Number of protein chains: 4
Amino acid sequence: MKQFKKLASNKELLNELKKFRDQKWDSVRKNAGWANFILDGKYSKTFYGIYLIETYHYVKENPKHQALVAIKGNNLPPNYSKFCYEHAEEETGHELMALHDLGSLNFQTEEVISMKPLSETEQLISYLYYISENGNPLRRLGYSFWAEDSYQYIQDLLASISTNLDLSKENMTFLVSHSSIDEKHSAEVEEVITKFCKSSEDFEDILEVMNTTIDLQSNMLSAIVREYDACINKKSEKYGSFYSI
Amino acid sequence: MKQFKKLASNKELLNELKKFRDQKWDSVRKNAGWANFILDGKYSKTFYGIYLIETYHYVKENPKHQALVAIKGNNLPPNYSKFCYEHAEEETGHELMALHDLGSLNFQTEEVISMKPLSETEQLISYLYYISENGNPLRRLGYSFWAEDSYQYIQDLLASISTNLDLSKENMTFLVSHSSIDEKHSAEVEEVITKFCKSSEDFEDILEVMNTTIDLQSNMLSAIVREYDACINKKSEKYGSFYSI
Amino acid sequence: MKQFKKLASNKELLNELKKFRDQKWDSVRKNAGWANFILDGKYSKTFYGIYLIETYHYVKENPKHQALVAIKGNNLPPNYSKFCYEHAEEETGHELMALHDLGSLNFQTEEVISMKPLSETEQLISYLYYISENGNPLRRLGYSFWAEDSYQYIQDLLASISTNLDLSKENMTFLVSHSSIDEKHSAEVEEVITKFCKSSEDFEDILEVMNTTIDLQSNMLSAIVREYDACINKKSEKYGSFYSI
Amino acid sequence: MKQFKKLASNKELLNELKKFRDQKWDSVRKNAGWANFILDGKYSKTFYGIYLIETYHYVKENPKHQALVAIKGNNLPPNYSKFCYEHAEEETGHELMALHDLGSLNFQTEEVISMKPLSETEQLISYLYYISENGNPLRRLGYSFWAEDSYQYIQDLLASISTNLDLSKENMTFLVSHSSIDEKHSAEVEEVITKFCKSSEDFEDILEVMNTTIDLQSNMLSAIVREYDACINKKSEKYGSFYSI
């Protein structure tokens, strides 16, 4: 079913897109076990460590598929290509914040770098590469649209983790610092969507990527909870070495 | 949790892998709504048409990511590279069987070719490209291992579709002919797994891809049921034009 | 033969690299017929038009292979990746200056976009893609090292073209404006080379790409002269339509 | 200048293409120093070793860019895709013959594998990748057209090398065995050209790739002579270790 009216202005369509984002997060927060798991607070730093490791894996790919949009797109408006490269530059090295936080909690970061990501994390990475290299070159904006502006939806979860695990700012540079860096990006992403979308069809494509990547990220978080459970029940070889912390 | 014993022979490990495949299919058949939907038989040819369209989309990528395994892998055994290219050759054009079946039922095949696949279909395609180009170059065998040998698990479903929709062989070349073509492939895939795996770790990687791609295909089938429902409730613009058939 | 001393500082090695650049340009200027052809001035605007068309073709690829360095490199220093993306952004759209200059001289720019580049132009493009995606990720700097700082070597040629064809600044935005834009890049490229090279081996790789891409560009210029000759002798179908101008 | 008549049959065009191939080889044989260098016979096994090493480097890429034609092409005829994959399979591992010959002459093959190719060899590889992934998907046939059928043009050179260096069949498996293997390929390539070309334009594109890749291979051979000279004059660090043999 088409979600957007055909004759609306881009400003109206952007507002619609924001409503869809609110609805999607509402639905994910209600249905996904991981959100309640976090609020319940029955976990150790190992859970947060596993989260940071999987985050490291997918975040380090972000600049790469962002730049691929400009490389693979045909006849893109130069300013959209410039946005892609500039955004890729700005996203470069963000995975190091996740590594830093791991290190600040005494996890062995060298070990982390050589680990394989969980299948769910690879599914998120795979999809982001594919939609960046194929189809409507604007549609990756559906990922940026929520990823750069997620703080409002997860503020309570961050507070809960911080309190439950007695974390300092030093342990949460990825999650906290990242949100402030992303405010600028968030405004840029909205501007770029408004500027380069030519039709409600573009908004449909952006919406599909927004919904799919929120789901895939949510699946990743469910897998992290599952892996953490296996870990404390000593059934996870992958994360076995993290149990003692 | 590691699934395979470290010191088993490849033959034993292959047998284990077959058991895991049985278990996975059992679980999918029990839990996925689409299997019961098919057995219940409350659908028109439009449902089968939508299935064939999504199948067309992912099947035409199969030879491409198969060959990419040999292109992207470093220092592969030449005979494994040869298997990849040969298998790519054999898979070429299989999507035309899906198109043929659509045409035999009077669907407009030109329209099909220009349609976008469903997000769930793209997720399957994305993951297959990613695992073909990254990580253990043997792991794509986990996809071939079930895709070339699925007839045994879905025979009752094929029979049900055929009976319910009164289909002839002419309308089912993809599903029926495909199963016999794949017998040869299936034996080859088992041989290749046995020959090139060097460790239980290789089997772990193959198992992960097997389980993930069965899940992604199952998600695709659920999405097809969802889309068919939207279609007959006139809520699907995408498949609106297929309703009248 | 290795060209660089093993125990020199990066500053010394950079100075050596500059000397090799001077020598390479000297040699190219002496041996390549195209430079004398330009100074002799026996050509019409058609020659300049053909130059701009081939330039359009290779310049539009520059940001793409520049960004690919960061995408394909493993474990690059984040600041080198950032340089690649930033440089890609800055190079985006420079081909439009070549198109603009063509338009200002009443060439049909739409026709230009759909033309195929000459084989020699494709050889330059091919090599730049390949070395950006394979081997030492620093070596593409050997291209930037001369391409961003070529004004000093071709100033007399630009003056000759301008005088011979009675061109205004408006007709030469690519060649003239481009040189001033590139001053900033040139300083950055030197800084990046000094900062990220770890050994004389890195300088050898950069030198090889510098020499090879100067040669490939020189071959492209020879091919443009050849094509112009064919054109005025009415033996070029490709550029036949440009003859009347 | 267009080389082919517009209204000729594919059979006529193929015959024209063969004439252009004869002319190109004639011209290369007359003008390139490397051919006379070989006939003069003033070289040691080191020269042949360097040739085999550079050959190893480019030959191992052949199946990869061959398969990429089918992967990157849009809407190719399935039988052309099948040809690409089948041909990729058949070309797989041919570089091992070059390694074998090196080993039979007591060169250290492990060292060879880790060496970098010469710039001229990389230029050949680069161009083949680029034309396989971009532009007319038929044009790579211009490379196969001469590479699979070069024996007739170099028979005297092979004989000269064999006599001068007193080589056995065991030392020349790449050059000798390769020519007989390629007879089958050569017939297939002609069939494929005749079958899939739709216009004289296709033949123009094939001709351009044929001429360019013969030139690039010829440049590679000149570079091998240059490198051999540096080697015996002890000016080549790269091939210094091969001098003693």
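Along each chain, the written sequence defines residue order, and numbers are assigned to residues from 1. Chain letters and ligand numbers both follow the written order, the letters beginning at A and the numbers at 1. Restriction of local features to residues with pLDDT of at least 70 applies here, the model being predicted, together with a cutoff of 80 or more for giving and counting side-chain atom pairs; totals for whole chains, interfaces and linings are based on all residues. For side-chain calculations, the full set of non-hydrogen atoms in the structure is used, while hydrogens and water are omitted.

**Q** Provide a residue-level description of the overall build of chain A, including the pertinent values.
**A** The way it works is that DSSP assigns letters per residue, a run of H or I at least four long becomes a helix, a run of E at least two long becomes a strand, and they are numbered from the N terminus. Scanning chain A from terminus to terminus reveals 12 helices and zero strands. Reading chain A from its N terminus to its C terminus gives the helix and strand order α-α-α-α-α-α-α-α-α-α-α-α. Computation of the radius of gyration draws on C-alpha atoms alone. For the globule rule, the value is 2.2 Å times the number of residues to the power 0.38. Computed over the C-alpha atoms, the radius of gyration of chain A is 18 Å, within 12% of the 18 Å expected from 2.2 N^0.38 for a compact globule of 245 residues. Across chain A, the fraction of contacts at a sequence separation of at least 24, relative to all contacts at a separation of at least 6, is 84%. Counting every atom, chain A has about 10200 Å² of accessible surface; 48% of that belongs to carbon and sulfur. Where the 27 positive side-chain charges of chain A centre and where its 37 negative ones centre are 3 Å apart. In this analysis, two residues are considered to be in contact whenever any of their non-hydrogen atoms come within 4.5 Å of each other. Here the Shrake-Rupley method, with its probe set to 1.4 Å, supplies the accessible areas, and only the displayed protein chains count as covering residues. Positive charges are assigned to Lys and Arg, negative charges to Asp and Glu, while His and the chain termini are left out of the count. By convention, charge coordinates are those of NZ in Lys, CZ in Arg, CG in Asp, or CD in Glu.

**Q** Requested: an account of the packing of helix α1 (residues 10-31) of chain A against helix α10 (residues 151-165) of chain A, with residues and values cited.
**A** Residue and element names in this part refer to chain A. Where α1 meets α10, the axes come as close as 10 Å, and the angle between the chain directions of the two elements is 25 degrees. As judged from the angle between their axes, α1 and α10 are roughly parallel. When α1 is examined against α10, the residues R21, D22, W25 and R29 are found in contact with a partner set consisting of Q152, Y153, I154, D156 and L157. In the scheme used here, Gly and all other residues not listed as nonpolar or charged are polar, with Ala, Val, Leu, Ile, Met, Phe, Trp, Tyr, Cys and Pro taken as nonpolar and Asp, Glu, Lys and Arg as charged. For the contact of α1 with α10, the residue count by class is four nonpolar, one polar and four charged. Interaxial angles span 0 to 180 degrees and are taken between N-to-C directions of axes, which are lines fitted to C-alpha atoms, for helices over the stretch in contact. Reported orientations rely on four angle classes, namely roughly parallel under 35 degrees, roughly antiparallel over 145, roughly perpendicular from 65 to 115, and oblique for the rest.

**Q** Now, about unusual backbone geometry: what can you tell me, with residues and values included?
**A** Glycine aside, the phi torsion of most residues is negative, and most peptide linkages are trans. Look at D166 of chain C: it is not a glycine, yet its phi comes out positive at around 55 degrees. Note that D166 of chain C resides in the loop between α10 (151-165) and α11 (173-196).

**Q** Quick one: what's the story with the packing of helix α3 (residues 45-59) of chain B against helix α6 (residues 95-104) of chain B, residue by residue and with numbers?
**A** Relative orientation and spacing of two packed helices are given, respectively, by the angle between their axes and the distance between those axes. All names here are of chain B. Where α3 meets α6, the closest approach of the two axes is 8 Å, and the angle between their N-to-C directions is 160 degrees. By the angle class used here, α3 and α6 are roughly antiparallel. For the crossing formed where α3 meets α6, the hand is left-handed. Contacts from Y48, G49, L52, I53, T55, Y56 and V59 of α3 reach α6 at E95, A98, L99, D101 and L102. Along the lines of polarity and charge, the residues of the contact of α3 with α6 split into eight nonpolar, two polar and two charged. Two helices cross in a left-handed way if the nearer one is turned anticlockwise from the farther one by less than a right angle. They cross in a right-handed way if the turn is clockwise.

**Q** A description of the interface of chain A and chain B should follow, citing residues and the corresponding values.
**A** Each side of the interface is counted separately: chain A has 21 residues, and chain B has 21 residues. Basic side-chain nitrogens of Lys or Arg form a salt bridge, by our definition, when they fall within 4 Å of a carboxyl oxygen of Asp or Glu. At the boundary of chain A and chain B, one finds six salt bridges. Two residues, K116 of chain B and E201 of chain A, come together in a salt bridge whose shortest N-O distance is 2.9 Å. Distance and chemistry together define a polar contact, namely a pair of N or O atoms within 3.5 Å, with one atom able to donate a hydrogen and the other to accept it when in protein, and with adjacent residues in sequence counting only for side-chain atoms on both sides. Linking chain A with chain B are eight residue pairs in polar contact (both at pLDDT 80 or more). Looking at the side of chain A that touches chain B, the elements that each hand over two or more residues are α8 (119-133) and α12 (200-232) of chain A. Sort the elements by how many residues they give to the side of chain A that touches chain B and α8 of chain A lands first, with nine residues. Taken together, the residues of the side of chain A that touches chain B break down into seven nonpolar, five polar and nine charged.

Interpretation in functional terms is not warranted from these geometric data alone.
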